[in-house]
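Each chain, letter by letter, is given below.
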Amino acid sequence: MGADHTRSAPAAPPGVRRLLVAVVVPLFALTVIAALVLWPRQDREPVGGADVPRYHGTVTRVVTEPCPPTPETPAGGGGPCGTVTVTAEQGPDAGRQVEMPIPAGPGAPRVAVGDEVVLVELTDPADPAVKSYNIAEHQRGTPLIWLMVLFAAAIVAFGRWRGLAALGGLVASFAILLGFVLPGIGAGQPPLLVAIVGAALIMFVVLYLTHGITAQTSVAVLGTLGSLVVTGVLGLLATSATHLTGFGSEDATTLSMFQADVDLHGLLLAGIIIGSLGVLDDVTVTQAATVTELAHANPGLSRRQLYRAATRVGRAHIASTVNTIVLAYAGASLPLLLLLVADSRPVSQILTSEFLAQEIVRSAVATLGLIAAVPLTTGLAAIVTTAGRRSRGAEPAPPAPRPPTGRDDALEALGGGKSTEAAW
């Protein structure tokens, strides 16, 4: 693993660094205090009843046969029908051959000889001593492990030390989500507040771990935090104006059955905050780095010139990112979109229904937060980059005007002779 060849940003003047520390450190401390206050104090009891025993096994035989006729299908069919023989690798029947019906129904796994599967043990309610097995799904542990190994190796090979830091940031993000955000919301804490605090924690850890403790990173942190607040406020206003309840999906309805005290409206807002965080980080880091690179390439640029030049880069970035957000939500909601295509209601009714209006609000609010991130981060970066120029010495001289090139010189280079004004 080689060294990171990324050129580091020029050090900010001591006064600027002290100012950033005076702003960032209290914000970080406030975030940590808020996380401690909102941290779930007790584990919630598991819902959904006792877990069904699950064991691993390997398919050794599959026998298919015609399905018997039923009232719904008098001629048979509707299969597949038959039996599957599996060698159990765990549980009370480990090492033995157990037989069960071929999985059938929507979403049932398709099995073949040699497949590694997960078995569930079922007990007859009438006679608890009678037990049977069914195939629940395929074992996916080994393929997922190899995919994660390839994923990590590719990131480290390309990004080197920076890639390794990015992996550390990814682990920290999941740790905060699984250890604080989800348990906090499940414990009945306000979802929007938990999401903002959790997103701020992720932002502090990921940005400083991945990009280092620099003035440029601090600018990206401040820009991201400000944009998160803007996104939260816009989300609150948009969901209130459209009267969204949070019951816009089957998952939300199912969750309300198991945990009636969960605020689904707040959960919708929390999803908008968490979902927009990753793209916000990308935008703010890019804008802060763009301003730094422009100032390094041309120290004579004024604060306004830096802002205008970097904003042009931000416009191009936002134009592509908007499409990314919409396509990401569309890809995650393809079953919903297919359902809408098959819906016979007028388009106006479909667009204003709860489940589709929720996706529209989610995309629009996230995009507005991104747009706000560009001028906010760019302005902060321009101020920080140009601050302290006087303290470092004289103001950089403005770039020398480019000497005009005469038309005679140009024509002479093209045609080999001087031209006169009459030639024009």
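Above: the structure in question.
Summarised in this report is the structure supplied together with it. (Residues numbered from 1 in each chain as written. Predicted model: local features only at pLDDT ≥ 70, side-chain atom pairs only at ≥ 80, totals over all residues. Heavy atoms only, no water.)

1. Topic: unusual backbone geometry
Unusually for a residue other than glycine, Arg160 sits at a positive phi of about 55°. Relative to the helices and strands, Arg160 resides in helix H2 (residues 141–186). Of note, the phi angle at His243 is positive, near 55°, even though the residue is not glycine. Residue placement: His243 occurs in the loop between helix H4 (215–241) and helix H5 (250–258). We classify His243 as exposed; its relative accessible area is 66%. (Helix = DSSP H or I, 4+ residues; strand = E, 2+ residues; numbered from the N terminus. Buried < 20%, exposed > 50% of the residue type's maximum accessible area, 1.4 Å probe, protein only.)

2. Some words on the packing of aromatic side chains
The tally for this structure, following the rule as stated, stands at two aromatic pairs. An angle of 75° between the planes, with centres 5.2 Å apart, marks the rings of Phe28 and Phe204 as edge-to-face. In this pair, Phe28 sits in helix H1 (residues 14–38) while Phe204 sits in helix H3 (residues 191–211), placing the two residues 176 residues apart along the sequence. (Phe/Tyr/Trp six-rings, centres within 6.5 Å; stacked < 30°, edge-to-face > 60°.)

3. Some details on the side chain of His317
Tracing the sequence through the fold places His317 in helix H7 (residues 303–332). Sequence-distant contacts of His317, that is, excluding residues within four places in its chain, are made with Asp282, Val283 and Thr286. (Contact = heavy atoms within 4.5 Å.)

4. Side note on the state of the cysteines
Under the criterion given, the structure shown has one disulfide. Here Cys67 engages in a disulfide with Cys81; their sulfurs sit 1.9 Å apart. Note on the Cys67 and Cys81 pair: the S-S dihedral is about 110°, so by sign convention the disulfide is right-handed. Taken together, the positions of Cys67 in the loop between strand S1 (54–65) and strand S2 (81–88) and Cys81 in strand S2 put the pair 14 residues apart, joining distant regions of the chain. Take Cys67: its relative accessible area is 13%, and that puts it in the buried class. On the accessibility criterion, Cys81 (22% relative accessible area) is partly exposed. (Disulfide = S-S within 2.5 Å.)

5. Looking at the nonpolar core
Phe180, Met203 and Phe204 are the most contacted members of the largest nonpolar core, which totals 52 residues. Elements that contribute at least two residues to this core include exactly H1, H2, H3, H4, helix H6 (264–297), H7 and helix H10 (354–386). Each residue touching Met203, except ones within four places of it in the same chain, is listed here: Tyr208, Val221, Thr224, Leu225, Leu277 and Asp281. In terms of nonpolar packing, the next biggest core, distinct from the first, is built from twelve residues, Val86, Met100, Val117 and Ile135 among them. (Core = buried A, V, L, I, M, F, W, Y, C linked by side-chain atoms within 4.5 Å.)

6. Details of the packing of H2 against H3
Direction vectors running N to C along H2 and H3 enclose 165°, while the axes themselves pass 9 Å from each other. Of the possible angle classes, the one that applies to H2 and H3 is roughly antiparallel. The chirality of how H2 crosses H3 is right-handed. Residues Arg162, Ala165, Ala166, Gly168, Gly169, Ala172, Ser173, Ile176, Leu177, Phe180, Val181 and Ile185 of H2 form the contact with H3, whose participating residues are Pro191, Val194, Val197, Gly198, Leu201, Ile202, Val205, Val206, Leu209, Thr210 and His211. Across the contact of H2 with H3, the residue classes tally to 16 nonpolar, six polar and one charged. (Axes fitted to C-alpha atoms, helices over the stretch in contact; angles between N-to-C directions. Parallel < 35°, antiparallel > 145°, perpendicular 65-115°, else oblique. Left-handed = near helix turned anticlockwise from the far one by under 90°. Nonpolar A, V, L, I, M, F, W, Y, C, P; charged D, E, K, R; others polar.)

7. Let's talk about H3
Every α-helical turn comprises 3.6 residues, leaving residues that sit three or four positions apart pointing alike. Compared with an ideal rise of 1.5 Å per residue, which puts 21 residues at 30 Å, H3 spans 29 Å between its outermost C-alpha atoms and is within 8% of the ideal. The buried fraction of H3 is high, at 16 of 21 residues. Looking one or two residues past H3, Gly212 carries a phi angle of roughly 85°, positive in sign. (Expected span 1.5 Å × (residues − 1).)

8. Details of the packing of H1 against H4
If you want to describe how two helices pack, look at the angle between their axes and the distance between the axes. Contact geometry for H1 and H4: axes closest at 11 Å, N-to-C directions at 50°. With respect to H4, the axis of H1 lies oblique. For the pair H1 and H4, the crossing hand works out as left-handed. Note on element contacts: H4 touches H1 through Ala215, Ser218, Leu222 and Leu225, opposite Leu20, Val23, Val24 and Leu27. Considered class by class, the residues forming the contact of H1 with H4 number seven nonpolar, one polar and no charged.

Bear in mind that shape data such as this cannot, by itself, settle questions of function.
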